[in-house]
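Architecture and fold: a report
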Amino acid sequence: MANIGTTERIVRIIVGVVLIALYFVYPAAPMRWLFLLGIIPLATGLLGWCGLYTLLGINTCRRS
């Protein structure tokens, strides 16, 4: 069941894509692997479901 609203999904996808792109744009950056954390917002945005929101009882999706 989806628990992330449309606007939040779009923001998460954009943030995820930007972070992953930065991984490739700055190959010499210190702690470059942190950019790969963009996989998390990208995945939750694409799926429309966030496990942390489920644990905290948060739902920003209107269709519930």
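Only a predicted model underlies this, so the values are computations on that prediction, with no experimental measurement involved. (Residues numbered from 1 in each chain as written. Predicted model: local features only at pLDDT ≥ 70, side-chain atom pairs only at ≥ 80, totals over all residues. Heavy atoms only, no water.)

1. Brief notes about the packing of aromatic side chains
Per the stated rule, a full pass over the model turns up 1 aromatic pair. Taking the centre distance of 5.1 Å and the plane angle of 90° together, the rings of Tyr23 and Phe24 count as edge-to-face. Given a relative accessible area of 59%, Phe24 falls into the exposed group. Here Arg12 stacks its cationic end above the ring of Tyr53, 5.1 Å away from the centre of that ring. Note that Arg32 overlies the ring of Tyr23, its terminal NZ or CZ placed 3.8 Å from the centroid. (Phe/Tyr/Trp six-rings, centres within 6.5 Å; stacked < 30°, edge-to-face > 60°. Buried < 20%, exposed > 50% of the residue type's maximum accessible area, 1.4 Å probe, protein only. Lys NZ or Arg CZ within 6 Å of the ring centre and 35° of its normal.)

2. Description of the UniProt feature "transmembrane region" (unreviewed entry) in the protein chain
Mapped onto the present numbering, the UniProt feature "transmembrane region" (unreviewed entry) falls on residues 9-26 and 32-56. As annotated, residues 9-26 has a helix share of 94% and a strand share of 0%, and its two end C-alpha atoms lie 26 Å apart. With 60% helix and 0% strand, the stretch residues 32-56 has end C-alpha atoms that lie 30 Å from each other. (UniProt positions renumbered as here; feature names shortened; annotations may be inferred. Helix = DSSP H or I, 4+ residues; strand = E, 2+ residues; numbered from the N terminus.)

3. As for unusual backbone geometry
In the Ramachandran plot, Met31 falls in the positive-phi region, its phi being about 55° despite a non-glycine side chain. With respect to the helices and strands, Met31 occurs in the loop between α1 (6-25) and α2 (39-47). With relative accessibility at 54%, the residue Met31 sits in the exposed group.

4. As for the packing of α1 against α2
α2 packs onto α1 with a crossing angle of 145° between their chain directions and a minimal axis gap of 7 Å. For the element pair α1 and α2, the recorded crossing hand is left-handed. Every residue of α2 that contacts α1 at Arg9, Arg12, Ile13, Val15, Gly16, Val17 and Ile20 is listed here: Ile39, Pro41, Leu42, Thr44, Gly45, Leu46 and Leu47. Across the contact of α1 with α2, the residue classes break down as 9 nonpolar, 3 polar and 2 charged. (Axes fitted to C-alpha atoms, helices over the stretch in contact; angles between N-to-C directions. Left-handed = near helix turned anticlockwise from the far one by under 90°. Contact = heavy atoms within 4.5 Å. Nonpolar A, V, L, I, M, F, W, Y, C, P; charged D, E, K, R; others polar.)

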